[in-house]
Amino acid sequence: QVRLVESGGGLVHPGGSLRLSCTASVSIFSTNAIEWYRQAPGKQRELVATITNLGGTYYVDSVKGRFTISRDNAENTVYLQMNNLKPEDTAVYYCKGWGTIWGQGTQVTVSS
């Protein structure tokens, strides 16, 4: 069973930055893509960013220009660099791979 472990969440002021990490227990080449989702209280989980094995990326419109997804294959880790954070970015952030494998989530709170 593949396991994903997330870290890097925290409390920041608007305009601040956080770097989230998602580390897999196996080679991340064994899944076609790894994705970051987020879920705020009372809202549906939404796709935030995707990175493929070839390095292709996707971002939801609301984070374009602010978030960057990247991968370190040697460390089996995918990152989400989050800059210029806004209060509406507040959510639990999850990574997903292998179709149905999810991390435990990490809380991001953006508040003044």
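Predicted model, so just to flag it, every value in this text is computed and none were measured.

Draft legend 1. Expanded view of the overall build of the protein. When its secondary structure is counted, the protein shows zero helices and eleven strands. Taking 112 residues into account, the globule formula puts the C-alpha radius of gyration at 13 Å, and the protein, at 13 Å, falls close to it. In terms of overall dimensions, the protein has a C-alpha envelope of 40 × 25 × 20 Å along the principal axes. Within the protein, residue pairs in contact and separated by at least 24 positions form 53% of the contacts whose partners lie at least 6 positions apart.

Draft legend 2. Structural context of the state of the cysteines. A complete count under the given rule lists one disulfide for this structure. The disulfide partner of Cys-22 is Cys-95, and the S-S distance across this bridge is 2.0 Å. Where Cys-22 bonds to Cys-95 through sulfur, the torsion about that S-S bond is close to 70°, and the disulfide is right-handed. Highlighted residues: Cys-22 in strand E3 (residues 18–24) and Cys-95 in strand E9 (residues 91–97), separated in sequence by 73 residues. Under the relative-accessibility criterion, Cys-22 is labelled buried at 2%.

Draft legend 3. Examining unusual backbone geometry more closely. The phi dihedral of Asn-84 is positive, around 50°, even though this residue is not glycine. Among the residues examined, Asn-84 registers a relative accessible area of 42% and is labelled partly exposed. Phi is positive for Trp-98, which is not a glycine, with a value near 55°.

Draft legend 4. Just the pattern of salt bridges, in detail. Per the counting criterion, the structure on display carries five salt bridges. With a closest N to O distance of 3.0 Å, Asp-61 and Lys-64 form a salt bridge. With a relative accessible area of 60%, Asp-61 lands in the exposed category. Here Arg-66 makes a salt bridge to Asp-89, at a shortest N to O gap of 2.7 Å. With Arg-66 in the loop between strand E6 (57–59) and strand E7 (67–72) and Asp-89 in the loop between strand E8 (77–82) and E9, this pair connects stretches of sequence that are 23 residues apart. Side by side, Arg-66 and Asp-89 carry an identical accessibility label, which is buried.

Draft legend 5. Up close: the sheet that holds E7. Overall, antiparallel pairing links the four strands, which are arranged E1-E3-E8-E7 in an open sheet. Looking at which strands have only one partner, the edges of the open sheet turn out to be strand E1 (4–7) and E7. Across this sheet, the average inter-strand angle for adjacent strands is 15°, counted without regard to direction. Direction of pairing for E1 relative to E3: antiparallel, over a ladder of four bridges. If you follow Glu-6 over to E3, its bridge partner there is Cys-22.

Draft legend 6. Highlighting the nonpolar core. Ranked by internal contacts, the top residues of the largest apolar core, which has 29 residues, are Trp-36, Val-48, Phe-67, Ile-69, Leu-80, Met-82 and Tyr-93. Every element with two or more residues in this core is listed here: E3, strand E4 (33–39), strand E5 (46–52), E7, E8, E9 and strand E11 (106–110). Among the elements that make up this core, the one with the highest residue count is E3 (four residues). Setting aside chain neighbours within four positions, we find Met-82 in contact with Gly-16, Ser-17, Leu-18, Leu-20, Arg-66, Phe-67, Tyr-93 and Val-108.

Rules behind the numbers
Residues numbered from 1 in each chain as written. Predicted model: local features only at pLDDT ≥ 70, side-chain atom pairs only at ≥ 80, totals over all residues. Heavy atoms only, no water. Helix = DSSP H or I, 4+ residues; strand = E, 2+ residues; numbered from the N terminus. Rg over C-alpha atoms; globule rule 2.2 N^0.38 Å. Contact = heavy atoms within 4.5 Å. Disulfide = S-S within 2.5 Å. Buried < 20%, exposed > 50% of the residue type's maximum accessible area, 1.4 Å probe, protein only. Salt bridge = Lys/Arg side-chain N within 4 Å of Asp/Glu carboxyl O. Pairing = 2+ DSSP bridges. Axes fitted to C-alpha atoms, helices over the stretch in contact; angles between N-to-C directions. Core = buried A, V, L, I, M, F, W, Y, C linked by side-chain atoms within 4.5 Å.

This is a description of form; function is not addressed.
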